[in-house]
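Per-entry structural report
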Amino acid sequence: MDIIPTGLTATQIFISLPFIAIMVHVILGACAYLIYIERKVCSYIQDRVGPNRVGFDFGLKWLSFLKGALGLGQPLADGIKFLLKEDYMPKSADRVLFTLAPATIVIPAMIGFLIIPWGGYIDIPDMSVPLLGDIGGRVVLAGANFNAGVIYLLAVASLGVYGVVLGGWASNNKYSFLGGLRASAQMVSYEIPLGLSLMCVLLICGTIMPMGIIEHQVQNGWLIFAHPLAAILFFVAILAEANRAPFDNAEAEQELVGGYHTEYSSMRFALFFLAEYMHMITSCAFFTLLFLGGFHLPAIPGLGIEDTSIVAGLLKLGVFFTKVVLLITFMIIIRWTVPRLRYDQVMFLGWQSMIPLGMVMLVMTSVMVFYEWTAWYELLAANVVLTALVFLVMPVLPKNKVNKRIPMYGSRFNPMPGERVETSAPGGLATEDRPVEGTVPAM
Amino acid sequence: MTTLAATELADYFPLIVIIMMAVTFSVANVALTLLLGPKRDGKVKSIAYESGMNPIGTARKRFNVRFYLIAMVFLVFDVEVIFLYPWAVTFPNVDRLAPGASEWLIRILFFLFTTVVAYLYGYRKGVFKFD
């Protein structure tokens, strides 16, 4: 069989292959620098400076002008360090699965971004290329453009659970095992609200092709304004899917050391880390595609669907990528400011709040679509009504009885009967911040 | 009524390319670190980490049944969601005024209702309790 046909598919392949080759490297570089951004954001939140030493001078005198004060060389140094460390495997580990696990997690993470239409449509002039034959026409500046559409993204994203399970199982370590179990149960649970909120978008747009979804948003406004509940549900679900805080129970340091990658070292550990960040990029791109209008910016010419020159395509790619990076920065800020949920709270949130809400949302959206009330203000009004209903119904629902705080008698929150505990000092200072007798407090 | 676009297997050619790239990437990285990294074996080093103690027993023990339950309930709901995708794509294109159009809505609402029954059954059985 002729694997490369003529016509539009050949043109798409002509665009896709170089685009994939470039985009893989862009995303790998972006991952490295996202780790840098994460460390910087974290250190500013914690009142530190963060990485600020490593530049690109490699210790050479004649390159000293490349010595950066921002520590921009840190990702490169980290990468080299990962390569030069010992790759160790405990004796009791399952050799095959232990080797397989990092690959199983990094491959789905790497192939996910394939159908994200970074640059929208571009026009390719008619020309003749060896191997592919005559090409030309309007194609999507993306890794591929096939009719599975966003379903492919969903399928690939859920493959990531295998690497986690394998890594946890193969290590033969109790921490890894528990981390793998927790991660798999959590990823599996949050896939359902993810699918339900994606379904709302599909119902509104009536297509599974990524370009169709963006076109709908260009014409009718971004869906985050039309359907904010679905957007919130989707965002929480991708946080949980990527095992990011506040859902990072799989690697809760205080309980499980490192989670499923406790026993991993050197580059194999780095692959786990890289996969997490690539997963974040893919899922944030997915969110941008579904709710933030993809490459579209309102009131800025040159970014519409009809601008199909190559320059416009690259410009759109830049806009899309900027949105993704901003979203990831938001995720990072969430990680360093929101405390981690307990595991039973994670499961409660997934199964007893998000799935029922997702189902109600789906019914609401399908009724709205059936009566063709799909303008953004109509959907927004329905969202407001649904939120009000949830707040009305919530007090009637059965309470979760098991998660009460256990009172520790004698603590300052539950003092013994008749005892009075001083929790705040006069003068607005906390008890711990009161100055020692005879000193002046540093303000 | 719309139909899905005809399947072009050649459209999936870039997928094969990127899978090959990903496999090469992971294999090359692991191979490089095996080549470049030092090898220092040790008797204590080869023990699985357990907070510095000698591990007690194996890690492949029986674990909490709730994880099995979650897996089973996940199957029910995920299959339900998968059944809904084709409907979700075709449903917006249904003409509301055409005869029999409301069946598209009513049937899927009944289907969702069966899932709600399954959810309530699971809830009564305490599947979603994770205390």
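Residues numbered from 1 in each chain as written. Chains lettered and ligands numbered in written order. Predicted model: local features only at pLDDT ≥ 70, side-chain atom pairs only at ≥ 80, totals over all residues. Heavy atoms only, no water.

Our next topic: the overall build of chain B. When you go through chain B residue by residue, the secondary structure sums to three helices and zero strands. Starting at the N terminus and walking to the C terminus, you meet the elements of chain B as α-α-α. Its C-alpha atoms give chain B principal-axis dimensions of about 75 × 50 × 15 Å. Per-residue burial for chain B yields a buried fraction of 32% across its 131 residues. (Helix = DSSP H or I, 4+ residues; strand = E, 2+ residues; numbered from the N terminus. Buried < 20%, exposed > 50% of the residue type's maximum accessible area, 1.4 Å probe, protein only.)

Let's shift gears to empty space enclosed by the protein. Empty space among the atoms can be located by rolling a probe the size of a water molecule over them. All names here are of chain A. This structure, assessed with the given rule, holds five cavities of 30 Å³ or more. Estimated volume of the largest cavity: approximately 160 Å³. In terms of lining, the largest cavity is formed by 16 residues, of which the most central are Leu153, Ala157, His279, Thr282 and Ser283. Put simply, the parts of the chain that give the lining of the largest cavity at least two residues each are helix 3 (95-111), helix 4 (150-170), helix 8 (228-241) and helix 10 (266-291). Among the elements that take part in the lining of the largest cavity, helix 4 stands out by supplying five residues, more than any other. Estimated volume of the second largest cavity: approximately 120 Å³. Lining the second largest cavity are 13 residues, and of these Ile105, Ala242, Tyr260, Glu276 and His279 lie nearest its centre. Those elements that place two or more of their residues in the lining of the second largest cavity are helix 3, helix 4 and helix 10. In terms of residues, the lining of the second largest cavity owes the most to one element, helix 10, which gives four residues. Per-class residue counts for the lining of the second largest cavity are eight nonpolar, three polar and two charged. (1 Å grid on protein atoms, 1.4 Å probe; cavity = no way out; pocket = protein on both sides within 12 Å on 5 of 7 lines; lining within 4 Å. Points joined across faces, edges and corners; volume = space filled by probe spheres on them. Nonpolar A, V, L, I, M, F, W, Y, C, P; charged D, E, K, R; others polar.)

We now examine the layout of surface pockets. Of the voids in this model, the largest pocket is the one considered here, and its volume is about 1,400 Å³. Lining the largest pocket we find 40 residues, and of these Gln352, Ser353, Pro356, Leu357 and Leu397 of chain A sit closest to its centre. Counting only elements with at least two residues in the lining of the largest pocket, the list comes to helix 8, helix 12 (343-370) and helix 13 (376-393) of chain A together with helix 3 (102-124) of chain B. In terms of residues, the lining of the largest pocket owes the most to one element, helix 12 of chain A, which gives 11 residues. Grouping the constituent residues of the lining of the largest pocket by class yields 31 nonpolar, five polar and four charged.

We now examine the side chain of Thr365 of chain A. Residue and element names in this part refer to chain A. Topologically, Thr365 is positioned in helix 12. Polar contacts involving the side chain of Thr365 include one to the side chain of His227, which spans 3.1 Å. When residues no more than four places from it in sequence are discounted, the contact partners of Thr365 are Cys200, Leu203, Ile204 and His227. (Polar contact = N/O pair within 3.5 Å; in protein donor to acceptor, adjacent residues only side chain to side chain. Contact = heavy atoms within 4.5 Å.)

Before going further, it helps to spend a moment on the interface of chain B and chain A. In this complex, chain B contributes 74 residues to the contact, which on the side of chain A involves 86 residues. Summing both partners gives a buried area of about 7,100 Å² for chain B against chain A, and 73% of it is carried by carbon and sulfur. For the pair chain B and chain A, the number of links is three salt bridges. Counting the contacts that link chain B with chain A gives 15 residue pairs in polar contact (both at pLDDT 80 or more). Sorting the residues of the side of chain B that touches chain A by element identifies helix 1 (13-36), helix 2 (65-90) and helix 3 of chain B as the ones contributing at least two each. (Buried area = accessible area lost by both parts, 1.4 Å probe. Salt bridge = Lys/Arg side-chain N within 4 Å of Asp/Glu carboxyl O.)

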